[in-house]
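# Fold and contact review
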Amino acid sequence: MDSSAPAASKPATPRQFGRFELRQLLGKSVATMAWLAFDPRIRGEVMLVMPRRPPASPSAAAKWQAGVQRGARLNHPNLAPLLDIGVQEQWPFAVVDRRIGVTLGEWLAQHSEPTVADTVNLLISALQGLAYAHDAGTGHQDVQLHSVLVNDDGEAVWMVLGAGGDLVTPAPSPRGSDAEQGGPAALQQIHRQRGEAQRDLLGCGLLMHRLLAGALALDEPDFNQTLARLAPTGHEILRLPYQTPQVIPDALRAIANRCTAHQERHRYRSARTLLRALEGWRQAQALESGGPLALLMDRLQSVGHLPAQPGLAARVTGITSVEGQHAEEIAEHVLQDIALSLELVRSSNSVQVRGSMEAGDGPILAIRR
């Protein structure tokens with residue numbers, strides 16, 4: 001045996017976390033981290049979501065679990081169900097089935113330049129789940145590339161609501177109000193939920209920026225660090241660059257820039273408001289690319305006029321033959337049929353052309369409609 005041959009490297013010892021075998025770190029932020037792990041209980045891969053650092057006390061661990069359990073009670077297609085919630089050596093964790101999908105970070109590694117349509121569809125599905133959670137009084141509190149899963153249909157699924165813990169500070173209350181003076185707990189809870197929702201919504205704006213721009217906002221991998229640099233805590237101005245992997249329509253660019261507007265009052269107020277804006281943009285694009293509007297444009301290009309209601313020729317003759325008819329009476333008929341109005345314009349132009357030719361005024365350079 002050749003003693004100079006290098007010794008075979010020993011396989012790395014699997015890292016254990018209780019019953020789980022940790023295989024890969026999927027992502028981390030200042031608040032959370034997500035691991036790909038093997039669970040011998042189900043004999044398959046799962047994803048573990050846990051705080052970035054262990055809670056300081058058993059009561060803090062129980063509080064984190066309570067927040068996660070509150071979100072786990074919600075049932076929505078864009079919210080991932082939990083397989084288990086537990087504590088290992090005072091470290092709380094939540095378990096999600098790996099078969100649901102891959103993290104958005106993993107998906108982007110395979111789809112480095114997603115199309116604008118894929119991006120909008122992904123964001124709409126994410127906002128549907130988030131709006132449902134906000135309506136129920138809970139949020140995610142740590143929007144990151146590793147907190148969103150992408151399933152086989154290209155839709156987003158939120159992983160472990162409430163995983164961010166106590167990142168959110170309640171919105172400041174008016175001076176002298178009951179909330180500022182330690183007033184009713186219900187009022188304080190409303191302020192907290194409002195702060196969580198606004199933070200989640202701004203995080204969605206950072207997700208949109210990452211998907212459309214093809215780069216992280218402000219070059220920060222942790223969205224929490226980016227949020228700290230934006231208003232109201234920071235002074236950075238974030239807008240989509242004009243050099244992007246895909247051509248971004250102006251209307252969609254305006255939506256993305258409004259999500260992270262420097263002045264808070266210009267931003268979207270809720271997940272449902274942003275959801276309606278993106279759904280409206282998608283619907284408008286569908287109409288322009290293959291809906292009734294596209295059919296009408298094809299008709300104009302191929303035939304030269306729009307399809308008209310029955311009896312168009314008779315109505316055109318009746319209106320154009322009466323010289324003493326008032327304009328209001330003509331308009332009453334014209335406004336009921338767009339094709340009729342275009343036919344009248346064409347008839348008027350034809351009359352002007354024939355009159356000019358008969359009068360010998362020379363070639364027609366322009367026709368006034």
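This write-up is about the structure you can find in this document. Note that the coordinates shown come from a computational prediction; the quantities given were computed from them, not determined experimentally.

Rules used in this analysis
- Residues numbered from 1 in each chain as written.
- Predicted model: local features only at pLDDT ≥ 70, side-chain atom pairs only at ≥ 80, totals over all residues.
- Heavy atoms only, no water.
- Helix = DSSP H or I, 4+ residues; strand = E, 2+ residues; numbered from the N terminus.
- Buried < 20%, exposed > 50% of the residue type's maximum accessible area, 1.4 Å probe, protein only.
- Contact = heavy atoms within 4.5 Å.
- Areas by Shrake-Rupley, 256 points an atom, 1.4 Å probe, with all protein chains shown as cover.
- Phe/Tyr/Trp six-rings, centres within 6.5 Å; stacked < 30°, edge-to-face > 60°.
- Lys NZ or Arg CZ within 6 Å of the ring centre and 35° of its normal.
- Pairing = 2+ DSSP bridges.
- Axes fitted to C-alpha atoms, helices over the stretch in contact; angles between N-to-C directions.
- Salt bridge = Lys/Arg side-chain N within 4 Å of Asp/Glu carboxyl O.
- Parallel < 35°, antiparallel > 145°, perpendicular 65-115°, else oblique.
- Left-handed = near helix turned anticlockwise from the far one by under 90°.
- Nonpolar A, V, L, I, M, F, W, Y, C, P; charged D, E, K, R; others polar.
- Core = buried A, V, L, I, M, F, W, Y, C linked by side-chain atoms within 4.5 Å.
- Expected span 1.5 Å × (residues − 1).
- Arc of directions from axis to C-beta.

### Points about the overall build of the chain
Each helix and strand in the chain was counted, giving eleven helices and nine strands. The buried share of the chain, taken over its 369 residues, is 41%. In the chain, 60% of the contacts between residues at least 6 apart in sequence involve partners at least 24 apart. Within the structure as shown, the chain displays about 21100 Å² of accessible surface, and the carbon and sulfur contribution to it stands at 53%.

### Here we look at the packing of aromatic side chains
With the rule as written, the count across this model stands at two aromatic pairs. With a centroid separation of 5.4 Å and an interplanar angle of 80 degrees, the aromatic rings of Phe20 and Phe93 are classed as edge-to-face. Within this pair, whereas Phe20 is found in strand β2 (residues 20-28), its partner Phe93 is found in strand β6 (residues 91-97), the two being separated by 73 residues in sequence. With relative accessibility at 1%, the residue Phe20 sits in the buried group. When its relative accessible area of 5% is taken as the criterion, Phe93 is described as buried. Through a chain of ring-to-ring contacts, the aromatic side chains of Phe17, Phe20 and Phe93 assemble into a single cluster. The ring centre of Tyr268 lies 4.1 Å from the NZ or CZ of Arg258, which sits over that ring.

### Here's the deal with the sheet that holds strand β8 (residues 148-150)
Read from one edge to the other, the open sheet built from three strands follows the order β7-β8-β9, with strand pairing classed as antiparallel. Looking at strand neighbours, the two that pair on one side only are β7 (102-103) and β9 (156-158), the edges of this open sheet. The pairing of β8 with β9 spans three bridges and is antiparallel. In the sheet register, Leu149 faces β9, and the bridge partner there is Val157. Packed on one face of the sheet, helix α3 (residues 116-135) meets β8 and β9 and runs near 30 degrees to β9.

### Remarks on the side chain of Asn151
Of note, Asn151 is situated in the loop between β8 and β9. Dropping the residues within four chain positions of it, Asn151 is found in contact with Ile100, Gly101 and Val157.

### A word on the pattern of salt bridges
Under the criterion given, the structure shown has ten salt bridges. For Arg99, the salt bridge goes to Asp97, with nearest N and O atoms at 2.7 Å. With a relative accessible area of 12%, Asp97 lands in the buried category. Through salt bridges that share partners, Arg19, Asp39, Arg41 and Asp84 make up one connected network.

### Notes on the packing of helix α4 (residues 185-213) against helix α6 (residues 250-259)
It is at 8 Å that the axes of α4 and α6 come closest, and there the two elements cross at 140 degrees. One way to sum up the angle between α4 and α6 is to call them oblique. The handedness of the crossing between α4 and α6 is left-handed. Mapping the contact onto sequence places Leu202, Gly205, Met208 and Leu212 in α4 and Leu252, Ile255, Ala256 and Cys259 in α6. Its residues assigned to classes, the contact of α4 with α6 comprises seven nonpolar, one polar and no charged.

### A short note on the nonpolar core
In terms of nonpolar packing, the biggest core is built from 48 residues, with Leu104, Trp158, Leu207, Met208, Leu274 and Leu278 touching the most fellow members. The greatest single-element share of this core, amounting to ten residues, is contributed by α3. The residues contacting Leu104, other than those within four sequence positions of it, are Leu122, Leu145, Val148, Val150, Leu207 and Leu211. Of all hydrophobic cores here, the second largest spans 15 residues; its members include Ala34, Met47, Met159 and Val160.

### Digging into helix α1 (residues 58-72)
With 15 residues, α1 should cover 21 Å at 1.5 Å per step; its first-to-last C-alpha distance of 21 Å lies within 8% of that length. Within α1, the full set of buried residues consists of Ala61, Trp64, Gln65, Gly67, Val68 and Gly71. Each buried residue of α1 sits inside an arc of 155 degrees when the element is viewed along its axis, so together they form one side. Along α1, exposed side chains directed more than 90 degrees from the buried face belong to Pro58, Ser59 and Lys63. Next to the buried residues of α1 lie β4 (44-51), β5 (84-88) and β6.

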